[in-house]
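Here's the letter readout for the chains.
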Amino acid sequence: MLKHLPKYTAGIAAAALLALSGVATSAMADPVKLRISTPAVESDWHAKMLTVFKDELEKNAPGEFDVEIHLNASLFKQGTEPAAMQRGNLDMAMISAQDIAKQIPAWSVFTAGYLIRDPDHQRHVFHSDIGKEFYQMVADDMNIEILDVGYLGTRQLDIRGEKKIETPADLAGIKLRMPGSDAWLFLGNALGANATPLAFGEVYTGLQTGTIDAQDNPLPTVKAAKFYEVTNQIVLTGHLVDAVFLSMAKKTYDSLSEEQQKVVRDAAEVATLYNNVHRIQDEEKLIEFFKEQGLKVYKPDVAAFRKKVQQDYLESDFAKDWPEGIVERVNAIK
Ligand code: KDO
């Protein structure tokens, strides 16, 4: 097309075209691929928050990120996500304190029952200097960047059978499914049950067939994964105010520009807040829903559970790895 223009105009046009194509090349650089893996089921809030995260990135940095969300542990098995990120096979995941404690024993403090008091306390703790110190350990020792903390919910017991549970002694002999790691199993045993490891995706069938008697999860997850269909009672022990840490492989994070890192952090904040608001609302409403489904829902002697669980943790080997004064510092956060 340039041949129809006078020579000098053609020169200017060619230069302009070149400049334009330069702009086009940088604007059309390949989007950063972010593959996220989680065992969460589609209708649970922490699964939905990943779509919020993706939409926020698209809104604030159009075309710069290509987020792929893999649910139901379809990409990596539950608990293997940190290693996958460390090996460079995965960009993002929602990891648990229990996952982290496998590599950084100090983190087991956040796997302890009855330490974090409620969702606000959780957010305040992890947004304080304590959070900064503990996130730094994860960045330094695991090469994983924690973007923000999300409230997974307060874990309650969900049991087959009619036996009324008032105290830890009533759980003796009950096969309580826990996710598969030492920290999780310790919690199940501290509650007084016989903790047995099983992946999240196998819990429904385990309860249905009776290979396990019980499982523990926050109420929104009991609903989303339909565990209420195969159990008879929910015992409101409230034993763990649980967290998921929305995280990115450090290699991926470091490859981003400063602006992109900010967009990613802001999106993580919006996503975790969305999760928290909905989950907290659901936790209030769901007791009625489970009662309508024919389950018994009641509070046991929570003080008896708290006393035994706290004592077991303080006397455990885990506590030997907790930084000096950490329990007092966590308790002091309002
Ligand atoms: C579970 O397996 O019980 C658990 O609640 C543990 C959490 O750390 C997290 O992995 C969660 O499952 C999954 O995201 C499924 O909701």
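Residues numbered from 1 in each chain as written. Predicted model: local features only at pLDDT ≥ 70, side-chain atom pairs only at ≥ 80, totals over all residues. Heavy atoms only, no water.

Further remarks concern the site of the ligand. Every residue close to the ligand is listed here: P39, A40, H46, Q78, S96, L152, R155, R177, P179, W184, F200 and N217. Between the ligand and the protein, one listed contact pairs an oxygen atom with a side-chain N or O atom of R155 at 2.8 Å. Contact between the ligand and R177: an oxygen atom at 2.7 Å from a side-chain N or O atom of the residue. Classifying every residue of the shell around the ligand by side-chain character gives six nonpolar, four polar and two charged. (Near = heavy atom within 4 Å. Polar contact = N/O pair within 3.5 Å; in protein donor to acceptor, adjacent residues only side chain to side chain. Nonpolar A, V, L, I, M, F, W, Y, C, P; charged D, E, K, R; others polar.)

Another aspect to go through is the packing of helix α2 (residues 45–60) against helix α11 (residues 258–292). Running from N to C, α2 and α11 cross one another at 145°; their axes reach a closest spacing of 8 Å. For the pair α2 and α11, the crossing hand works out as right-handed. Here W45, H46, K48, M49, V52, F53, E56, L57 and N60 of α2 come into contact with α11, specifically with V263, V264, A267, A268, V270, A271, T272, Y274, N275, H278, R279 and D282. In the contact of α2 with α11, the residues fall into 12 nonpolar, five polar and four charged. (Axes fitted to C-alpha atoms, helices over the stretch in contact; angles between N-to-C directions. Helix = DSSP H or I, 4+ residues; strand = E, 2+ residues; numbered from the N terminus. Left-handed = near helix turned anticlockwise from the far one by under 90°. Contact = heavy atoms within 4.5 Å.)

Our focus in this paragraph is the nonpolar core. Formed by 62 residues in total, the largest nonpolar core has its most connected members in I100, W107, F110, L171, F245 and W322. With 25 residues, the next largest nonpolar core counts V32, M49, M94 and A268 among its residues. (Core = buried A, V, L, I, M, F, W, Y, C linked by side-chain atoms within 4.5 Å. Buried < 20%, exposed > 50% of the residue type's maximum accessible area, 1.4 Å probe, protein only.)

Relative to the assigned elements, V241 resides in strand β8 (residues 233–249). Considering only alpha carbons, one finds V241 and T80, 161 residues apart in sequence, at a separation of 22 Å. Look past the residues within four positions of V241 in its chain and what remains in contact with it is I116, R117, D118, P119, Q122, Y151, G153 and T154.

Tracing the backbone shows Q122 in helix α5 (residues 119–126). The sequence separation of Q122 and N232 amounts to 110 residues, and the corresponding C-alpha distance is 30 Å. In contact with Q122, not counting residues within four places along its chain, are I116, V149, G150, Y151, V241, D242 and A243.

In this structure, D158 sits in strand β4 (residues 144–159). Despite its burial, D158 remains without a salt bridge, the nearest opposite charge being carried by R177 at 9.5 Å. (Lys, Arg positive; Asp, Glu negative; His and termini not counted. Salt bridge = Lys/Arg side-chain N within 4 Å of Asp/Glu carboxyl O.)

Moving on: the environment of A183. Structurally, A183 is set in helix α7 (residues 182–190). Along the sequence, A183 and T111 sit 72 residues apart, while their C-alpha atoms lie 6.5 Å from each other. If sequence neighbours within four positions are ignored, A183 has contacts with Q98, T111, Y313 and F318.

Quick look at the domain arrangement of the protein chain now. Along its sequence, the protein chain is carved into domain 1 (1–29) and domain 2 (31–332). Once you take the C-alpha centre of each, domain 1 and domain 2 turn out to be 54 Å apart. (Domains from an automatic or database assignment.)

What follows deals with the pairing of strand β5 (residues 175–178). Bridge analysis of β5 against strand β6 (residues 194–197) gives four bridges, and the strand direction is parallel. If you follow L176 over to β6, its bridge partner there is A195. Where the polypeptide runs from β5 across α7 and back to β6, its parallel neighbour, the crossover connection is right-handed. Sheet analysis places β5 next to strand β7 (residues 214–218), joined by two bridges and oriented parallel. When the bridges of β7 are listed, R177 appears paired with Q215. (Pairing = 2+ DSSP bridges. Right-handed = clockwise from strand over helix to strand, strands pointing away.)

Enumeration according to the criterion identifies 16 aromatic pairs in this entry. Each ring, one from F126 and one from F245, has its centre 5.0 Å from the other, and the planes form 75°; the classification is edge-to-face. Pair noted here: F126 is in helix α5 and F245 is in strand β8, with a separation of 119 residues, a long-range link. No difference in accessibility class separates F126 from F245, as the two residues are buried. Its guanidinium or amino end placed over the ring of Y298, K164 lies 5.1 Å from that ring's centre, counting from NZ or CZ. (Phe/Tyr/Trp six-rings, centres within 6.5 Å; stacked < 30°, edge-to-face > 60°. Lys NZ or Arg CZ within 6 Å of the ring centre and 35° of its normal.)

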